Amino acid sequence: MANESRIRNLNARTIDLNGEWHLSSQDQSVRVKATVPGQAHLDLIQANVLKEDPYYGINYVKDSMRKLIETTWVYEKDFFLDDSMVYAIAILDCEGLDTIATITLNGERVGCTQNQFRRYLFDVGAFLKPGPNILRIQFEDAVKHAKKKAAAYPYYVPDMFNMSTAQHGFPHRNFIRKEQCSFSWDWGPAFAPCGIWRPISLKLDEQGILVKSWYLKTSYKAIRDAWEVQIHLELVCDRDQNLVAKLRFDKGLPATEHQLMVTAGQCTTEHSFFVELSPVNRWWPRGYGEPTLYSVEVTLLNDNASTVASHIFQCGFVESELIQDPLTEGRDGESFNFRINGVDMFAKGTNWIPGHVFDRMMTMEQKRSLLQSCVAANMNMIRIWGGGRYESNEFYRICNELGIMVWQEFMFACALYPTNDEFLENIRQEVSDQTKRLMVHPCIVLWSGNNENQEFIVKGWDKATVRNPYLFTVDYHKLYVETIMSSLNKLDTSRPFISTSPSAGVICKTPYTERYVLQDSERGLYGDVHFYDYKHNGLHVEHYPNARFVSEYGAQSMPSFRAWRKISSPDDWHPLSTLSVHRNHHKSGQLEMLEQIEHQFQLPAALSKYYHANFKDVSEILIDISENLFDLFCYLTQCVQARSIVNQTEHYIRGRSEDRRTMGALYWQLNDIWPAPTWSSIEHGGRWKPLHYYIKHSFADVLVSGYQPAKTRSLRIHISNDRSTPIEGQLFVRSYDITSGQATTSTSVSFTVNSHSSELVMQVTSDLLGDDGALAPRLLLATAKITSKVCNKTYEMLPQIFPVRDPFLLACLKKDPGISVVELVVREGALRSEYQIHITLQSLSIAGFVCLEWDRDGVEGYFDENAFWLLPEEPKAIIFYGKGDMSAVDTQKSDLQIRSLSDALHCASTLETLLF
C-alpha cells in the first residue's frame, strides 16, 4: 500500500521485494527480467518478446496476444538474509496479486491467492533461511479458472458478455475476483493480465511483536455531540504483553493515549476516544468550504516505554448522509441527495474508470492531473465505478486534498454472481481489507454494492433471470445485504450504504428492505437513475428523465484524430472502417454517432454520402484527403457529444427546483482506458474533449442555460444558483444572423434567484427575433451580470443556434471564416512546473465551434475555453494552462491547429471535385 513507507516498526526490518524479478513461462521457453509492481504483458513488451503494441489496431484480439493469457507465468526473486539476522516473526506482505497465484519460498508452499483485491499476509518464518532465498509466485490462466468455476457451479449465473459479441471479451468473469473490465467492456479491451500488481515486502521482527496493519476512522456521534476517533491495529506477538498507544494530532487537537493488552499469536485491538466539536475544522467538499485535513501520529510503546512502532495518518472530520425521505405531503416519491455536514448538496461530477489496462502504466501524476481536471471543471464528486479496481491510498489522499467527494462502489458490475460459501467468504475478506484501508479517507461519502446488478434482475437482461427471478433475487440479497453490507457495518457505519446503482430506494432501513421494482409512473421518483438514449436528438429535452439523481448518462464520441492515428493506419480512417467498427465495443456505435451528427447538423450531401459509404469503394480516389475527412468526423462527434451531454446536464441542474427535486448529475464518463470511441470527456493521454470544456461551464456556481421545448418556437432561459446566498442582476440577450454576422435584436430583463435554486428568467420568442414565418438560423448569446454584494461577476450562456431543435444547415456559414491568431505569448505560471500561453483570435465572419489543439507532441495542459463561437471583428482572448518547464516551450502560431464547423464545407467542396 502507499501508506507502507510511512510505517516505522522500530524493532522490525522491512525487506523491500519490489524492483527486479525474473518472469518465465512454466515450460521455461520464455525467461525475461521483470519489474514489480507490474504485470506480465509489460515485462514481455520490455524484453521484446511481445513485439506488437497491445493498443495498436486490433492486436488485442490476435492469437499471439491471447496466447499470453493462456500461459502459466512464474515470477522469481532471489534475496539474501545475513547470517547474523535474528527474527522471531516473519511476514510476507502481498498487497496485490493478480489473481490466481501459488506462492512458494525455498521450494516450500506458503499459500495461494484467488482475489486481486485482497491483501495477503503469510507467516513465512518456518521457510526462511540464512543466506540466499528464492521466492516464487506462479500465476494461472484467469480465463480458464473462471470457466472451470462456472462449469462446476450447480446452475448458470449470467453476465453481460454472454449477451454481446461486440465487446470481443471473455465470459464468466463473475466467477473470479478480478478486475471485471479486464475481461473486456464496451469502452475497453480484454487482456485479463496477471502479475504482482501492487507492492510486496518481507517484514521481520526480533523483539516478538510486529504491527501488520494500522487503520483509523473518524465519525460524528450525535449521542455525544462529538467526534469519535477509532484506531484499529492488527499485530503478531510471541507472548502476552501490555502496550501503550499514543495518538498525537496536529493543528491543536488534543493528544491521547490508551493501555492495550495483547495476547500471543495473531491479535487485533481496537480503541476509541472522543474529540469535542469546538476545536475541529470539518472537511468540506470543494465549493462549500475548505477540505481541512489533520495529521495524526500513532505511536506504540512496550512495557519498558520503548517505542515499538509508529504510523502517520491523514484524516478529516466529516458527516456524510444520504437522504432518502418521503417528500412533502401531496408529492410522490422520495428524495435522493447527499447531506454533508448538515448541508444538502447538488452533486456535480462524473464516473471514473481505470486509466490503463496495466495499472503501472497509469502514473500517480497522470491520475492527479485527471482529478485536477475535475476541479478545473467545477466538479465536486466522482463515482468510482464497480467494474474496475479500488484505487491506491495516494489517489484518495489527492481527492481529500482537492475536496472531491467519492462515491465508492465495491467491484461488482453488470452481472449476477455465485453465492456458494467459498465465494462469499472470499468477498467478506475483500470487503474487510478494502473498508479498513479506505475508511480513513474523508472524501468517501458513500459505499455502494455494485453497478447495475439489481437492474440486471429487474429488467430481465438474461432469459435465466426471467425464468427464475426468485432464485437470483435471493442470491442478490445474500451477496450484497447479508455479506457485503453486514461485513461493512462491522467496520464502518459512518457513511451510508446502498446495495446498487441505479436504485429504487429503500422501503425500510431497519430491517434493510429495498424497493426493487418501480412502476413506469414511478421511475425517477425514487433512488438514482442511469439513462442513455441513442435514438433521439440529444437536444430534445423531453426525452430526458425528471429524476431525483442521475448517476450515469452519456453519449459517445471519437478520440481526437491525433490520438487515433497513433493506433491506426490510413486504411482505418473512415467512420465505418473495419477498425472503427471493431474498436467501438458498443454495438452500432459508429452508426449512432453519424445519426447524432445528422440530428444536429445538416451536412453537405457529398459529405453525408461519404461517411455512410463503404470506405473501400472510395479509398483509392480519396487517399489524399481521407485524413482531413476522418479528422473532421472525429471533431464533429465531439461537438455533438458536448452539445448533447451539456444539454442533458443543464436539464438536471434546472431540475433542482422544488417541483422536480433533482440533486445530482454524474455523467458517464471522465477518462479512457485506451484510444477508442467512448463516452469520455478526457481522452486517453489527458487531452480535454469539447465536452469537458462545456461541463466546466455547466457546473459553475451560477449557470445560465437555455432550451427549446417541443412544439414551440421559443427559447426558455433559466438561471440556476448553486451559491449559498441569493443573487440578483440583469440578463442581456443578443441575436445574430449567422450568415451575415450582423446583430439583429437585443433585450434585457432584471432577475432575482434564491440560493440553491433555479428560475425561468426569460422566454425568447420567434416574434422577438423578427420571425416572418421562415426564420433564418440565429445565434443567441445571453449574459447575466450579477450585482449582488456577495457576488459581482458575469456568467454567459453557451451560445445557442436557434431554432435549437432543427438540424443546423452548415451552408449558412462561410467556407472560410477568416480565423487568425492575433497574438500568442508564453508567460510564467503560478508554479515552476506551470506556464501560460495567452492567445488572441479573431475572425472575418461568424465561426462555429472553434476548437484549438496543439499540432505537436509534448504540450500538456488545457485551454480555459474551447469549442466556442467567434463573432466578426470581436477578438477573443484564450489562455492555455500548460504543465512542465516553460523554458522548454517554443510553441509558435503555426503549432496551433484551429478547426471550426466551416471545415465541413471545405471538405465537402473537395469531395465534390474528386467524386463528381
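Everything that follows concerns the structure shown earlier in this document.
The structure presented is a predicted model; accordingly, all values stated were derived computationally and were not measured.

**Looking at the nonpolar core**
No. 1: In this structure, Ile382, Phe601, Leu607, Phe808 and Ile839 are the most contacted members of the largest nonpolar core, which totals 165 residues.
No. 2: Per-element tally for this core: the top contributor is helix 15 (residues 626-654), with 14 residues.
No. 3: The residues touching Phe601, leaving out its near neighbours within four places in the chain, are Leu636, Cys639, Val640, Arg643, Pro807, Phe808, Leu810, Phe849 and Leu901.
No. 4: Counting residues in hydrophobic clusters, the runner-up holds 67 residues, among them Leu42, Tyr55, Val143 and Cys181.

**Quick word on the pairing of strand 9 (residues 108-114)**
No. 1: The pairing of strand 8 (residues 100-105) with strand 9 spans six bridges and is antiparallel. Counted as the bridge partner of Ile103 is Gly111 from strand 9.
No. 2: The hairpin turn running from strand 8 into strand 9, its antiparallel successor, is two residues long, and Asn106 in that turn takes a positive phi close to 55°.

**Describing the sheet that holds strand 37 (residues 702-707)**
No. 1: The three strands lie next to each other as 37-38-41, forming an open sheet whose pairing is antiparallel. The sheet is open, and its two edges are formed by strand 37 and strand 41 (757-765), each paired on a single side. Averaged over all adjacent pairs, the angle separating strand axes in this sheet is 20°, with direction ignored.
No. 2: Bridging between strand 37 and strand 38 (residues 714-721) involves six bridges; their strand directions are antiparallel. If you follow Ser705 over to strand 38, its bridge partner there is His718.
No. 3: Each of strand 37, strand 38 and strand 41 touches helix 15; the most contacted strand, strand 37, lies at about 115° to it.

**What about the pattern of salt bridges?**
No. 1: According to the stated counting rule, one finds 45 salt bridges in the structure shown.
No. 2: Its salt-bridge partner being Arg389, residue Glu179 comes within 2.7 Å of it at the nearest N-O pair. In this pair, Glu179 sits in the loop between helix 3 (142-152) and strand 12 (183-185) while Arg389 sits in the loop between strand 27 (381-384) and helix 5 (393-402), placing the two residues 210 residues apart along the sequence.
No. 3: Since its relative accessible area comes to 4%, Glu179 is described here as buried.
No. 4: Note on Arg389: relative accessible area 2%, which makes it buried.
No. 5: One salt-bridge network, held together by shared partners, links Glu179, Asp359, Lys367, Arg389 and Glu391.

**Observations concerning the side chain of Arg119**
No. 1: Topologically, Arg119 is positioned in the loop between strand 9 and strand 10 (120-123).
No. 2: Only 2.4 Å separates the side chain of Arg119 from the side chain of Asp93, close enough to count as a polar contact.
No. 3: Only 3.2 Å separates the side chain of Arg119 from the backbone oxygen of Lys212, close enough to count as a polar contact.

**Re the packing of aromatic side chains**
No. 1: Across all of its chains, the model carries 55 aromatic pairs by this definition.
No. 2: Ring plane angle 75° and centroid distance 6.4 Å describe the contact between Trp21 and Tyr75, whose orientation is recorded as edge-to-face. With Trp21 in strand 3 (residues 19-25) and Tyr75 in strand 5 (residues 73-81), the pair connects residues that are 54 residues apart, well separated along the chain.
No. 3: A residue is classified by how much of its surface remains accessible, and Tyr75, at 0% relative accessible area, is buried.
No. 4: Centre to centre, the rings of Phe395 and Tyr396 are 5.4 Å apart; their planes meet at 80°, and the pair counts as edge-to-face.
No. 5: Residue classification places Tyr396 among the buried residues on the basis of a relative accessible area of 0%.
No. 6: The structure contains a cluster of three or more aromatic residues connected by ring pairs, namely Phe561, Trp564, Trp573, Tyr610, Tyr611, Phe630 and Phe633.
No. 7: The ring of Trp674 carries the charged tip of Arg583 above its face, separated from the ring centre by 3.7 Å.

**Notes on the pairing of strand 26 (residues 347-352)**
No. 1: With six of six residues buried, strand 26 is to be regarded as a mostly interior element.
No. 2: Inspection of the sheet shows strand 26 paired to strand 36 (residues 664-667) by four bridges, in the parallel sense. For Ala347, the partnering residue across the bridge sits in strand 36 and is Gly664.
No. 3: The pairing of strand 26 with strand 27 spans four bridges and is parallel. Looking at strand 27, one finds that Asn351 is bridged to Arg383.
No. 4: Each parallel crossover has a hand, and for strand 26 linked through helix 4 (residues 364-376) to strand 27 it is right-handed.

Criteria and cut-off values
Residues numbered from 1 in each chain as written. Predicted model: local features only at pLDDT ≥ 70, side-chain atom pairs only at ≥ 80, totals over all residues. Heavy atoms only, no water. Core = buried A, V, L, I, M, F, W, Y, C linked by side-chain atoms within 4.5 Å. Buried < 20%, exposed > 50% of the residue type's maximum accessible area, 1.4 Å probe, protein only. Helix = DSSP H or I, 4+ residues; strand = E, 2+ residues; numbered from the N terminus. Contact = heavy atoms within 4.5 Å. Pairing = 2+ DSSP bridges. Axes fitted to C-alpha atoms, helices over the stretch in contact; angles between N-to-C directions. Salt bridge = Lys/Arg side-chain N within 4 Å of Asp/Glu carboxyl O. Polar contact = N/O pair within 3.5 Å; in protein donor to acceptor, adjacent residues only side chain to side chain. Phe/Tyr/Trp six-rings, centres within 6.5 Å; stacked < 30°, edge-to-face > 60°. Lys NZ or Arg CZ within 6 Å of the ring centre and 35° of its normal. Right-handed = clockwise from strand over helix to strand, strands pointing away.

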